Amino acid sequence: ESFFTASQLKDGKCPDCGRDVTDAKEEAYFLRLSKYQDRLLQYYEENPDFIKPDSRRNEMINNFLKPGLSDLCVSRTSFTWGIPVEFDPKHVVYVWLDALTNYITGCGYDPDGSDDHYQKYWPADLHVIGKDIVRFHTIYWPIILMALGEPLPKQVLGHPWLLSGEDKMSKSRGNVLYADDLAARFGVDAVRYYLLSEIPFAQDGTITHESFITKYNADLANTLGNLVNRSIAMANKYFGGEVRRPADWNEEPDADLRRLAGETADSYVRLMDVYHNAEALDAVMGLAKRCNKYIDETAPWVLAKDEADKPRLEAVLYNLIECIRLLGILLTPFIPGTAEEILRQIQAPAELTGMETAVFGKAEGFRVGTPAPLFARIDMEKELAAIREKLGLAPGRSLFHWRETLPYLSFAVLLCLAAPFVLRLADAPDVPLLSILYGFLLLPVSGFASGFSLGRRQGLCPLYPLACAGCMLLFLPLARLISNMADGVLVPIALCAALLGNLAGAALRRYRRG
């Protein structure tokens, strides 16, 4: 629950979530934010990296600080649940305010004298929070700390949202994908990889079962999994699993691969230091893709046919496995289980698995182990069918939930009630024509239009009223021609047709969501 003044509302609704707000009046204590406004703005200017991304910083300055801060309600009297205010027990501390103070009380803050534990861990190096609560952590929380005379956190990162398709996840919409379910089906590392690679630094990311499986197959099964598997297999097949570092690095593909390996490690460190995780991971996978291209360029299976090319073949395989060692190191923060397995399969020495050793050519050689698949390729069609079956959406089973039809059915009833008035404007008899015009033409068409909509998963989508309006404009000129053909008995049939059309639209929408 949040409190907003009338001037803070956006189109009369909550500026954060867009939901309806209600008027409330109660006695409360307030924090005088305006007293600290100039000081906070000066802190922003002196510490330009305090809020990241920059777009969040600009939002706080332009939307809140420059227009002027209003006093902030910090206590409630309309209920008793909460921590009582010591000097006025009929007030309780606003719950989000108490939550913020946990950052410092949890590590030993005491207004009468904090312990060494607090001195060690505060100020925090970084607050990582959702973009919808940036205001609380970059305006209210810093001002509270200023009032207490305590240091501010060194940096606040407001991360973007993960959307389900194009929508924000919501239980009411039924479009929530749970991490536990994904991990149980695809593995923890696969989920970690997708989330860390598909959510940009400043923009919202998106996830669907289709996009997840596509990413899984392309990056993990094909690019990374195949590279590790066939490189180790070739080392075992051609050299009994043991390859040594070459003395000659003059071949052109080798030089390019070695250069990219060095650039990747440098870019990785730079990007990770500024929390651009997706870009860092993209750089790592770029090296994996280059390794696969290197295999095609050097064709080890061709080199293996000529004994004179054995030194060259060994150099190629060393280059590949050394790059795989680097990949194992760089992937450790992202997919730790898989990274450990990669390093185990190439039997990299423990002293060559740390970040400080992520330099191409550090290893003198390798005695690799037995290759094992890292990620099995997923059959998209079969997997989606299995997911739909688990959700109760398999062929032969119900594709819709009755609650999904309520918005459509209620709109259908409203149209039926309005039909006599609409038809009267066309100088046509009202009730009989309702069955033909609304029951058999408009409602089923608009229901299916809503089903085809990609923009919404619940409630009335924009195409629904547009389709209704379009049908009215299209069929009203025919009112006089067909009014005499209608019969009162068709009215209940029309209502059934309306219901079936809307159920079909809801079912199709649910099928698309699965």
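Reading guide: rules and limits
Counting starts from 1 at the beginning of each chain's written sequence and moves along it residue by residue. Reporting in this predicted model follows two pLDDT cut-offs: at least 70 for local features of residues, and 80 or more for side-chain atom pairs to be given and counted; totals over whole chains, interfaces and linings ignore these cut-offs and use all residues. Hydrogens and waters are ignored; side-chain quantities use all the structure's heavy atoms. A pair of strands counts as paired when DSSP detects no fewer than two bridges linking them. Numbering goes from the N terminus for both helices and strands, where a helix is a DSSP run of H or I of at least four residues and a strand is a run of E of at least two. By nonpolar core we mean a set of buried residues, namely Ala, Val, Leu, Ile, Met, Phe, Trp, Tyr and Cys, connected to one another through side-chain atoms within 4.5 Å. Residue exposure (1.4 Å probe, protein chains only): buried if accessible area is under 20% of the type maximum, exposed if over 50%, otherwise partly exposed. The contact criterion used is simple: two residues touch if any of their non-hydrogen atoms lie within 4.5 Å. Every residue gets a pLDDT, meaning the predictor's confidence in that residue, from 0 to 100. Helix span, as expected, comes to 1.5 Å for every residue beyond the first. A clockwise path from the first strand over the helix to the second, with the strands pointing away from the viewer, defines a right-handed crossover.

### Considerations on the sheet that holds strand 5 (residues 84–85)
Taken together, three strands build an open sheet; the order of strands is 4-6-5 and the sheet is antiparallel. Of all the strands in the sheet, just strand 4 (75–76) and strand 5 have a single pairing partner and so form its edges. Here strand 5 runs beside strand 6 (residues 88–93); their pairing, made up of two bridges, is antiparallel. Its bridge partner being in strand 6, Pro-84 is matched across the sheet by Val-92.

### Some details on the nonpolar core
In terms of nonpolar packing, the biggest core is built from 67 residues, with Leu-224, Leu-320, Leu-331 and Ile-346 touching the most fellow members. Those elements giving two or more residues to this core turn out to be helix 6 (179–186), helix 7 (188–198), helix 8 (209–239), helix 9 (252–273), helix 10 (277–298), helix 12 (310–330), helix 13 (336–345) and helix 14 (380–390). The residues contacting Leu-331, other than those within four sequence positions of it, are Leu-224, Leu-281, Val-284, Pro-336, Ala-339 and Ile-342.

### A few points about the confidence of the model for the chain
On average, the chain scores 81 in pLDDT, and the residues at 70 or more come to 74%. Confidence, read as mean pLDDT per element, is least for helix 18 (residues 479–482) in the chain (44) and greatest for helix 13 (97). Note on residues 428–436: pLDDT under 50 across the span, and 31 contacts to partners over four residues away in sequence or across chains. When the criterion is pLDDT under 50, residues 450–465 qualifies, and its contacts beyond four places in sequence or with other chains add up to 46 contacts.

### Regarding helix 10
Compared with the 32 Å implied by 1.5 Å per residue over 22 residues, the 32 Å span of helix 10 between its first and last C-alpha is a close match. One or two positions beyond helix 10, positive phi appears at Ala-299, with a value near 45°.

### Details of the pairing of strand 8 (residues 156–159)
Two elements, strand 2 (residues 51–52) and strand 8, share two bridges in a ladder whose sense is parallel. In the sheet register, Ile-51 faces strand 8, and the bridge partner there is Val-156. Here four bridges tie strand 7 (residues 127–130) to strand 8, and the two strands are oriented parallel to one another. The residue bridging His-127 from the neighbouring strand is Val-156, located in strand 8. Handedness of the crossover is the feature at issue here: the chain leaves strand 7, passes through helix 5 (residues 134–148), returns alongside strand 8, and the resulting connection is right-handed.

### Here's the deal with the environment of Ala-147
Along the chain, Ala-147 falls in helix 5. Ala-147 sits in the partly exposed class, given a relative accessible area of 43%. Here the alpha-carbon distance between Ala-147 and Leu-31, two residues 116 residues apart in the chain, equals 9.7 Å.

### Regarding the sheet that holds strand 10 (residues 167–168)
Sheet strands associate in pairs through backbone hydrogen bonding, adopting either a parallel or an antiparallel arrangement. Pairing in this open sheet of three strands is mixed, and the strands run 10-9-11 from one edge to the other. A single partner strand is all that each edge strand has here, and the edge strands are strand 10 and strand 11 (205–207). Pairing of strand 9 (residues 162–164) with strand 10 involves two bridges; the strand directions are antiparallel. Its bridge partner lying in strand 10, Leu-163 is registered against Lys-168.

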